[in-house]
2 protein chains.
Amino acid sequence: MSATFPPLARRLDGLQSSAIRDLLKLTSRADIIGLAGGLPDAELMPRDRIAAAADAALSDRSRLQYTESPGWGPLREVLAVRESGRLGRAVAVEEIFVTHGSQQALSLLSEVLLDPGALVIVEDPAYVGALQVFRAAGARIVAVPLDSEGMRLDALRTLLEAGERPAVVHTVSNFHNPGGVTLAPQRRRELANLAERYGFWIIEDDPYGELWFERPSPAPVATYSPNVIRLSSASKILAPTLRAGWMIAPAPVCRAVELLKQGADLCGSALTQQITAELLADTDWLAGHVDTVREVYGARAGALVGAMRARFGDRIVSTDPAGGMFVWVDFTDGTDTAALLPRALDAGVAYVPGNAFAVSTDYTRSMRLCFTTSDAATLTEAVDRLAKAHGGV
Amino acid sequence: MSATFPPLARRLDGLQSSAIRDLLKLTSRADIIGLAGGLPDAELMPRDRIAAAADAALSDRSRLQYTESPGWGPLREVLAVRESGRLGRAVAVEEIFVTHGSQQALSLLSEVLLDPGALVIVEDPAYVGALQVFRAAGARIVAVPLDSEGMRLDALRTLLEAGERPAVVHTVSNFHNPGGVTLAPQRRRELANLAERYGFWIIEDDPYGELWFERPSPAPVATYSPNVIRLSSASKILAPTLRAGWMIAPAPVCRAVELLKQGADLCGSALTQQITAELLADTDWLAGHVDTVREVYGARAGALVGAMRARFGDRIVSTDPAGGMFVWVDFTDGTDTAALLPRALDAGVAYVPGNAFAVSTDYTRSMRLCFTTSDAATLTEAVDRLAKAHGGV
């Protein structure tokens with residue numbers, strides 16, 4: 001008798017493979033310009049520094065061994081100093097927890113904070129990695145739309161006043177994926193106030209906050225309330241291969257996450273955590289490195305949006321990227337972006353249709369474009385191909 | 001209003017921090033000889049090869065990027081070749097899934113295979129990392145005792161004949177942690193037959209199988225049935241810092257695990273996976289390296305057991321380690337090993353009391369000793385200290 005998968009059918013129901021990941025498998029053809037991915041540019045990653053740091057780390061044999069579940073001590077210390085600067089208060093090491101990318105923080109937090117059926121409020125359009133985790137936890141998901149200033153707090157307030165009691169509100173506060181917008185400073189304060197008034201956790205998911213183009217990101221939501229669990233990552237400023245994310249949370253949350261981390265994978269890699277610690281601790285070098293990434297991404301964002309507006313005129317409304325990796329485009333001419341995609345792939349350009357990120361809003365006429373991995377000339381060519389596929393331009 | 005942890009109290013109930021991990025925190029004092037840990041010896045890890053492989057890996061910038069959720073393709077190919085040799089059949093790449101250590105495989109499998117309340121049969125004494133995961137999944141856990149030939153299949157058969165229907169039977173087939181014993185070849189075949197007759201999954205957890213001292217481990221349980229999901233790891237033969245475990249399972253199980261891996265942490269590290277692939281693929285070098293580890297561990301095991309028998313005589317019964325990292329000792333003189341521990345720590349030696357691994361059997365008079373990280377003279381000194389603490393010798 002074959003063994004069966006008792007819960008599998010039910011679980012897979014809420015766990016379809018990410019549409020974006022599946023799409024990426026189809027669009028890795030060399031002749032397609034990829035605006036669909038969400039990858040940082042490997043050409044900008046500090047390979048030589050990482051190689052030198054790896055070599056230095058391996059001079060200590062203890063870096064070959066298992067490490068502590070909450071993260072290698074010196075990395076947590078570096079992060080505590082770093083986050084103390086961000087948050088304008090002394091962050092204790094006990095408030096820092098290192099995860100295998102910030103996706104693992106979302107996953108472990110969903111186990112700690114959510115009972116099946118608990119309400120989670122997300123943004124619409126949403127970060128699909130968060131949706132996947134919250135759905136797997138059996139949460140009830142309600143979405144609040146974004147506007148140009150981020151999460152619409154009037155919509156959130158309406159839900160709360162109608163009696164909805166979320167366990168968690170998830171926000172990508174800076175340079176939203178996929179929405180491209182940033183939560184305005186006044187809204188950050190208001191969101192924090194609502195969290196304290198109604199007793200919910202805010203997960204402030206902030207992998208992109210350092211990638212601002214002209215002015216620094218606003219103070220984190222976490223500066224306004226202890227009800228905020230802040231997530232960040234080395235993936236976008238150093239390299240995804242380090243698999244180094246981190247969480248800043250009250251110590252009891254960190255202790256609960258530690259128990260789950262032991263069961264999930266025991267601990268992270270002492271090697272990649274020491275590399276991360278060394279590079280983050282070299283603050284002068286890091287500032288220069290991140291400046292370079294900002295300049296390059298800023299120029300690419302400008303090139304992409306400029307080309308889109310030049311080509312499509314008032315047929316589109318595009319975000320004005322102030323940082324991060326993504327542009328969100330709404331078509332005003334009725335274009336169905338899912339229907340357009342096969343023609344776009346034929347013309348040699350890939351993007352993600354808006355409905356891949358939809359929770360309860362219809363994003364049939366929207367798309368997400370990623371500008372990080374192509375130079376300006378290639379981005380312009382991509383827009384030419386998109387216009388050709390679109391036909392109506 | 002503070003945010004609360006709705007499910008936390010309930011979850012922590014089944015998720016106490018591993019007693020061993022907590023103990024290790026207390027016993028890292030330099031004056032204590034540690035027989036309590038379960039770590040491979042960092043002095044034997046191939047540091048220079050790892051450093052050279054890291055350098056080579058980083059010559060390709062794509063190794064800085066995110067990688068595929070089921071593992072970096074070339075590592076899966078190396079593992080498919082390796083496991084084809086182990087299992088005596090052609091293992092397809094689609095049957096190989098790379099995890100963040102084999103602990104992550106246990107964690108993801110428990111989500112795929114277990115509904116809350118599902119029955120999981122484990123060995124008694126049990127690997128605590130597995131217990132933790134199965135408890136977190138809400139499984140009902142029933143234990144089958146070990147004897148000198150591994151899991152007692154007569155006890156398992158009794159449960160099955162009484163109508164128990166496990167979803168999963170978990171076994172550490174080679175050089176059990178903590179029990180030190182190996183599942184006999186005839187029992188492997190019988191266990192596989194029972195899995196097919198009653199329709200359950202076997203998780204064959206095999207991190208130690210290569211660490212045999214005099215003769216190779218028996219053919220894996222997985223050679224006898226497709227109902228077996230086999231887990232292994234680079235942690236004990238290369239280095240834990242690589243965080244490279246792997247699962248050999250039917251392709252539908254791998255696909256289900258892939259969906260969960262995306263939510264759990266997206267993917268592993270392309271850097272450490274390439275290092276692992278390079279070292280595992282160099283089979284001539286690897287054979288010599290693992291031979292060295294075997295010889296050293298075999299000599300240490302012999303020294304520890306020899307000293308225990310010389311010191312304690314018929315007051316103890318010890319396993320005869322044929323491989324792996326652990327010795328299991330039963331006291332025949334009524335010694336309570338938990339009560340002995342504080343005196344042992346005072347005398348400068350640490351071990352783990354048997355009840356830390358107990359499911360439903362009383363192991364008050366047992367202990368687990370790890371022989372991997374001390375040389376023969378230190379192990380002899382450790383036993384002298386233990387005898388002094390014991391007093392009755």
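See the structure printed just above.
Here the structure is a predicted model, which is why all the values come from computation and not from measurement.

(A) View of the nonpolar core. Counting 238 residues, the largest nonpolar core has Leu156 of chain A together with Phe134, Leu191 and Met247 of chain B as its most contacted members. Residues in contact with Leu156 of chain A, not counting those within four places in the same chain, are Ile121, Val144, Met151, Val169, Leu191 and Leu194 of chain A. In this structure, Leu106, Val112, Val122 and Ala256 of chain A belong to the second largest nonpolar core, which totals 34 residues.

(B) Structural context of the pairing of strand β14 (residues 366–370) of chain B. Residue and element names in this part refer to chain B. In terms of burial, β14 is a largely internal element, five of the five residues being buried. In this sheet, β14 lies alongside strand β11 (residues 326–331) in antiparallel orientation, the contact comprising five bridges. Along β14, the bridge assignment pairs Val329 with Met367. As defined by bridge partners, strand β13 (residues 352–353) adjoins β14 across two bridges and the pair is classed as antiparallel. Paired with Val352 across the strands is Arg368, a residue of β14.

(C) Layout of the sheet that holds strand β13 (residues 352–353) of chain A. Residues and elements named next belong to chain A. If you walk across this open sheet you meet the four strands as β10-β11-β14-β13, and the pairing is antiparallel. Two strands close off the open sheet at either side, each with one partner strand: β10 (316–318) and β13. Packing of helix α11 (residues 283–312) onto the sheet brings it into contact with β10, β11 (326–331) and β14 (366–370), and relative to β10 it is tilted by some 165°.

(D) Region of interest: the interface of chain B and chain A. Between chain B and chain A, the residue contacts involve 81 residues of the former and 80 residues of the latter. At the boundary of chain B with chain A, total buried surface from both sides reaches about 6,700 Å², with 55% on carbon and sulfur atoms. Interface area lost by chain B to chain A is led by Arg47, Arg61 and Tyr66 of chain B, which between them contribute 11%. Applying the counting rule to chain B against chain A returns two salt bridges. When the shortest N-O distance is used, the salt bridge between Arg61 of chain A and Glu43 of chain B registers 3.7 Å. Between chain B and chain A we count 32 residue pairs in polar contact (both at pLDDT 80 or more) in total.

(E) Representation of the sheet that holds strand β9 (residues 244–248) of chain B. Residues and elements named next belong to chain B. In spatial order, the strands read β2-β9-β8-β7-β6-β3-β4-β5; together these eight strands make up an open sheet with mixed pairing. The open sheet terminates on both sides in strands that have one partner only, identified here as β2 (96–100) and β5 (150–151). With two bridges connecting them, strand β3 (residues 119–124) and strand β6 (residues 168–171) associate as parallel partners. Bridged to Ile121 within β6 is Val169. Running over the sheet, helix α8 (residues 185–198) touches β4 (140–147), β5, β6 and β7 (201–205) and is turned about 145° from β7.

Definitions and cut-offs
- Residues numbered from 1 in each chain as written.
- Chains lettered and ligands numbered in written order.
- Predicted model: local features only at pLDDT ≥ 70, side-chain atom pairs only at ≥ 80, totals over all residues.
- Heavy atoms only, no water.
- Core = buried A, V, L, I, M, F, W, Y, C linked by side-chain atoms within 4.5 Å.
- Buried < 20%, exposed > 50% of the residue type's maximum accessible area, 1.4 Å probe, protein only.
- Contact = heavy atoms within 4.5 Å.
- Helix = DSSP H or I, 4+ residues; strand = E, 2+ residues; numbered from the N terminus.
- Pairing = 2+ DSSP bridges.
- Axes fitted to C-alpha atoms, helices over the stretch in contact; angles between N-to-C directions.
- Buried area = accessible area lost by both parts, 1.4 Å probe.
- Salt bridge = Lys/Arg side-chain N within 4 Å of Asp/Glu carboxyl O.
- Polar contact = N/O pair within 3.5 Å; in protein donor to acceptor, adjacent residues only side chain to side chain.

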